[in-house]
Amino acid sequence: MSVRPAPLARPAPVAGRPLSLRGLLEREGAFSWIMLAPGVLFLLAFVAYPFFYGIYLSLQDRPVARAGVFVGLANFATLLGEGVFWQVTRNTFVYTLVTTVLKLVGGLAMALVINQSFRARNLVRAVLLLPFIVPTILSTIAWMWIFDPTFSVINWALVKTCLVSTGFSWLGNATLAMVSIIVVNTWRGIPFYGITLLAGLQTISPDLYEAAAIDGASATQRFWHVTLPIIKPILIIVTMFSVIFTFADFQIVYALTHGGPANATQVFVTYAFDLGMSGGQLGMGAAAALTLLPALALVIVVLALYLRRE
Amino acid sequence: MTTRREFLTVTLAGGAAAALAPGRAAAAPKSMSVVHESSFIKSFDDFFVKKLAPDYEKMTGIKINYEPVSVGSMLTRLTTIVETKSGPEIVHTGINWPHLFDQGLVDVSDVAGEIGKKLGGWHDNVHDAVVVNKKWKSLPWGNIGQLENYRTDWFKEVGVNKFPDTWEDLLAAGRLLKKKGHPFGFELGHGFGDNHGWLYPLLWSYGGQETDKSGKTVTIDSDETAKAVDFCRRFYKETMFEDVLGWTDVNNNKAFLGEQISCTNNASSILVVAKRDFPEIGKVTDHALNPQGPKGRFHLLNVQGHAIAAHAPDVAAAKAFLRWLYDDKQLSAWLTAGDAYYAPFLRAYDNHPMWEQEPRNLPYKESLKTSRLHAWPGPPGLAASESVAKYVIVDMFAKACRGDSTKDVIATAASQLKQIHKVK
């Protein structure tokens, strides 16, 4: 015989009396919705509406300042037929995958280091967070000077130390330009990983490390068999966020190279911006931006399923 | 005594008139807003804010708000204004934007006609940029020319006392200068102006063009284009260095003022900054027209103007302000404050005293005769903007300089242009 749990006692509204605000707030269901409402409204206004409007635009031939004409998937078909689009796709994936791996490794190393006890630890933590705190556009302008052929501090150091006779063309060479934007994105993104993973590391009980040490586990073994399994869920969540942010990164590429030289660093968001805002093709621009969607959705679904299984 | 019938007639007629012309029926606005891309010439912006706007307020009681937008961002701002139908009612336009935003801008033909009549008429080529379907959609105040900026002392060092007249002669001078450690630096990256500023004129001067006049036939795949591409590759390899492939608009200014390059294509802002901050460089900097090729000499047309957004609550008041602003008394003083950075299209200003302040700017005035819009000789509409936004011509040249074959880069450009112009 199954036993159903007794329902939570809830005061029934008195028949014939209007429900007061206090009474409403005491009802768990109503209270939950009241608390959720600001967030939901915010998401509807600033995420859902632009998203669905973007889909609506992408299905139209919609020049700026003119009425749109429904064209179905024609914008997507046009994009798929462009050589530049495939170059943009390749660039976006290379940019995202390489920076994600670098940020993951760098961020984990940073978290492990700043989790140790040493003098001036708090100061070091604060300094390491700076790249993430400084507005992206400001730090990118600083990087512009670092990569500038005339004023590059990297080139100056390389030439002065006699490692090279002439400086590198950081933003003029197609490969180095991609390397440059990857370096800047990694520099900026590592603290996000570092501080989030540090929070995870601090939840690990020292008893576990002590027990492992007593069993004879080396530092490496403690990392692989104690640390990593415990922070794995955080690692996955932070990676998921990072992939989404990097896919949609605009400021670094736009300010440093604007997609050049010859589209060598053009990514989806900068290309969509150029098409929509500079080219006046709002429908095509929206379509270019939305081509990100399947890849991002796949990442989210895979990671969400993995987390659920865990 | 007014009869009931007369009263009703007058009231209904007045009401109908008010309904048909809401702008006029309402009282004069308390304020209006003008959105402008920040000028490279600070005194130009300052003159508007400190002199023109207060003068107009004193005269009419209407406050004029001035909203500056950072350089290179005006197109984005204009897009948001026109799309959302909100924001400043008087907007800054450039290049071919009156064509792009045609339906979001008010017809100002009447004001243009009056100004032209008072100030000697408009230059012919300005019509291509601002007249859409026979209606003036913007009132031009000047052109930002893209010309050759060069170091006279270094050119003299290699025996070149006069700026070369042809691209081949400029290449010859550049070879000598590069050997001396003074390379050229012409932008080939994804900037917004200094790349198009010399690459379109180079293409045209060899006889190449994106499309025919109708825009229905893509004509980029031609021997003339191939010659321009081949020349550009030699010009890059023999006079420049790899960085220019990734340059945006700030880089050539920095390189020139950092004494890294001896020649570039730019507006007159380099000289303005040099005179102010690097006087020694200012003394040895000069301007010249773009060199000519086998098919002539060309420059890029970049018409700066004011338009009235269609959502303007009081179009008549906005027109009245522009009428006042373009009156000789105001416009002449404003252009003078701009250090001849803007070459006006009004014939009465062909010999304006502002040109005497700095004779080195005279080539910018002279260049108006040979200036064309990006898509020339094709139509300057949406397809032209898409081609510019996709850097079709810039990347065609840049890829050739990087090492791709002439045939391949032209084929890619032709394929892109066919897709943009929706032709086979």
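These figures come from a predicted structure and were not determined experimentally. In this convention, every chain numbers its residues from 1, walking through the sequence in written order. To read the labels, note that chains go from A and ligands from 1, taken in the order they are written. Residues qualify for local features only when their pLDDT is at least 70, as the model is predicted, and side-chain atom pairs are given and counted only at 80 or more; totals for whole chains, interfaces and linings, by contrast, use all residues. Remark: hydrogens and water are excluded; side-chain values derive from all non-hydrogen atoms of the structure.

## Details of empty space enclosed by the protein
Any empty space left between atoms is shown by rolling a water-sized probe over those atoms.
Thought 1: Cavity: a set of points on a 1 Å grid over the protein atoms alone where a 1.4 Å probe fits but cannot get out. Pocket: an open set with protein on both sides within 12 Å along at least five of seven lines, its lining residues, like those of a cavity, having an atom within 4 Å of a point. Grid points are joined across faces, edges and corners, and a volume is the space filled by probe spheres set on the points. Using the criterion set out here, one finds three cavities of 30 Å³ or more in the structure.
Thought 2: Each pocket or cavity is described by its volume, and for the largest cavity that value is around 110 Å³.
Thought 3: Every residue lining the largest cavity is counted, 15 residues in all, and those nearest its centre are Phe 147, Pro 149 and Leu 171 of chain A together with Gly 246 and Asn 251 of chain B.
Thought 4: Secondary structure elements are taken from DSSP: a helix is a run of H or I of four residues or more, a strand is a run of E of two residues or more, and numbering for both begins at the N terminus. Elements with a contribution of two residues or more to the lining of the largest cavity: helix H6 (136-147) of chain A together with helix H12 (249-257) of chain B.
Thought 5: If you add up the space inside the second largest cavity, you get close to 50 Å³.
Thought 6: Every residue lining the second largest cavity is listed: Glu 114, Ile 115, Lys 118, Leu 119, Arg 323, Tyr 326, Asp 327 and Asp 328 of chain B.

## Topic: the sheet that holds strand E11 (residues 303-308) of chain B
Residues and elements named next belong to chain B.
Thought 1: In short, DSSP must find at least two bridges between two strands for them to pair. Taken together, five strands build an open sheet; the order of strands is E2-E1-E3-E11-E6 and the sheet is mixed. The open sheet terminates on both sides in strands that have one partner only, identified here as strand E2 (63-69) and strand E6 (139-143). On average, each strand axis in the sheet is tilted by 20° relative to the strand beside it, whichever way the strands run.
Thought 2: Of the strand pairs in this sheet, strand E3 (residues 90-93) and E11 are connected by four bridges, and their pairing is antiparallel. Following the sheet pairing, Val 91 is matched in E11 by Ala 307. Axes, fitted as lines to C-alpha atoms, cover a helix only where it is in contact. Angles between the N-to-C directions of the axes lie from 0 to 180 degrees.

## Some points on the pattern of salt bridges
Thought 1: What counts as a salt bridge is simple: a side-chain nitrogen of Lys or Arg found within 4 Å of a carboxyl oxygen of Asp or Glu. Inspection of every chain in the model, using the stated rule, returns 24 salt bridges over all chains.
Thought 2: For Glu 26 of chain A, the salt bridge is made with Arg 22 of chain A, and the minimal N-O distance between the two is 3.7 Å. Placement of both Glu 26 of chain A and Arg 22 of chain A in helix H1 (residues 21-26) is noted, with a separation of four residues, approximately one turn of the helix.
Thought 3: Residue classification places Glu 26 of chain A among the exposed residues on the basis of a relative accessible area of 53%.
Thought 4: Across the salt bridge formed by Asp 404 of chain B and Arg 402 of chain B, the nearest N and O atoms sit 2.9 Å from each other.
Thought 5: When accessible area is computed with a 1.4 Å probe and restricted to protein chains, residues below 20% of their type maximum are described as buried, those above 50% as exposed, and intermediate ones as partly exposed. Looking at Asp 404 of chain B, the relative accessible area reads 27%, which means it is partly exposed.
Thought 6: Take Arg 402 of chain B: its relative accessible area is 39%, and that puts it in the partly exposed class.

## What to know about the packing of helix H9 (residues 206-214) of chain A against helix H10 (residues 219-247) of chain A
Residue and element names in this part refer to chain A.
Thought 1: Where H9 contacts H10, the two axes come as close as 10 Å, and the packing angle between them is 160°. With respect to each other, H9 and H10 are oriented roughly antiparallel. The handedness of the crossing between H9 and H10 comes out as right-handed. Taking contact as the criterion, the partners of Leu 208, Tyr 209, Ala 212 and Ala 213 in H9 are, on H10, Arg 222, Val 226, Thr 227 and Ile 230.
Thought 2: For the contact of H9 with H10, the residue count by class is six nonpolar, one polar and one charged. Oblique is the label for any angle not under 35 degrees, not over 145, and not in the 65 to 115 range, which are roughly parallel, roughly antiparallel and roughly perpendicular in turn. By convention the crossing between two helices is left-handed if the near helix lies anticlockwise of the far one by an angle smaller than a right angle, and right-handed if it lies clockwise. Contacts are assigned to residue pairs that have any heavy atoms within 4.5 Å of one another. Following the grouping adopted for this structure description, the nonpolar residues are Ala, Val, Leu, Ile, Met, Phe, Trp, Tyr, Cys and Pro, the charged ones are Asp, Glu, Lys and Arg, and the polar ones are all others, Gly among them.

## Considerations on helix H14 (residues 292-309) of chain A
Residues and elements named next belong to chain A.
Thought 1: In this scheme, a helix's expected span is set at 1.5 Å multiplied by one less than its residue total. When the terminal C-alpha atoms of H14 are compared, their 26 Å separation across 18 residues agrees well with the 26 Å that a helix rising 1.5 Å per residue should span.
Thought 2: For H14, the set of buried residues is Leu 292, Ala 295, Leu 296 and Leu 303. The buried residues of H14 all sit within an arc of 95° when viewed along its axis, so they share a single face. H14 presents Pro 294, Leu 298, Leu 305, Arg 308 and Arg 309 as exposed residues on the side facing more than 90 degrees away from its buried surface.
Thought 3: Those residues of H14 that are buried are in contact with helix H4 (83-114), H10, helix H12 (268-278) and helix H13 (282-290). What the arc describes is the spread of directions from the helix axis to the C-beta atoms.

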